[in-house]
Amino acid sequence: MFPRYFFMVGIETIRINNSSYECYKVHLSVSGIFGALLGKTTLHYSTRNPGFLVRSEGISGPPGSPRVIMELIEYQAQ
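Summary of the structure given here.

The pairing of strand β3 (residues 41-46) with strand β4 (residues 53-59) spans four bridges and is antiparallel. Among the inter-strand pairings, Y45 is bridged to a residue of β4, identified as L53. In terms of strand pairing, β4 meets strand β5 (residues 67-71) through five bridges, oriented antiparallel. Bridge assignment links G58 to a residue of β5, and that residue is V68.

Inspection of the secondary structure puts R55 in strand β4. A distance of 3.1 Å separates polar atoms of two side chains, one belonging to R55 and the other to E71.

In this section: the nonpolar core. Membership of the largest hydrophobic core is limited to seven residues, which are I14, I16, Y21, C23, F52, V54 and L72. Elements represented by at least two residues in this core include exactly β1 (4-16) and β2 (19-30).

The final tally for this structure, using the stated rule, is two aromatic pairs. Between Y21 and F52 the ring centres are 6.2 Å apart and the planes differ by 90 degrees, which places this aromatic pair in the edge-to-face class. Here F52 lies in the loop between β3 and β4 and Y21 lies in strand β2, a separation of 31 residues in the sequence. Judged by its relative accessible area of 14%, Y21 falls in the buried class. In this structure F52 comes out as buried when scored by relative accessible area, which is 7%. Arranged with centres 3.8 Å apart and planes meeting at 10 degrees, the rings of F52 and Y75 form a pair that is stacked. Taken together, the positions of F52 in the loop between β3 and β4 and Y75 in the segment after β5 put the pair 23 residues apart, joining distant regions of the chain.

If the charged atoms of two oppositely charged side chains come close together, the side chains can form a pair. In total, this model carries four salt bridges according to the counting rule given. Here E71 ties to R55 by a salt bridge, and the two come within 3.1 Å at their closest N and O atoms. Placement of the pair is E71 in strand β5 and R55 in strand β4, with a sequence separation of 16 residues. Overall, the relative accessible area of 42% leaves E71 in the partly exposed class. Connected through shared salt-bridge partners, R55, E57, R67 and E71 make up one network.

Definitions and limits used
Residues numbered from 1 in each chain as written. Predicted model: local features only at pLDDT ≥ 70, side-chain atom pairs only at ≥ 80, totals over all residues. Heavy atoms only, no water. Pairing = 2+ DSSP bridges. Helix = DSSP H or I, 4+ residues; strand = E, 2+ residues; numbered from the N terminus. Polar contact = N/O pair within 3.5 Å; in protein donor to acceptor, adjacent residues only side chain to side chain. Core = buried A, V, L, I, M, F, W, Y, C linked by side-chain atoms within 4.5 Å. Buried < 20%, exposed > 50% of the residue type's maximum accessible area, 1.4 Å probe, protein only. Phe/Tyr/Trp six-rings, centres within 6.5 Å; stacked < 30°, edge-to-face > 60°. Salt bridge = Lys/Arg side-chain N within 4 Å of Asp/Glu carboxyl O.

Remember, this is a structural readout, not a statement about activity or role.
In structure tokens:
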């Protein structure tokens, strides 16, 4: 396995489907040559408890794969 690095970049407000979410913005990357090929993934986690994934942006597979953005459609606490 390659070492993974998580960096909290800051707090950002994400607006999706007429809703706003205050989120921690986190960058995820791997080291070495694969890190250069894959780039970094950006994750946005809600600052409210429990923290949940609101948005993610990164490649969808091996090098050369397209970047994909996934966003929360709905969140409901159980």
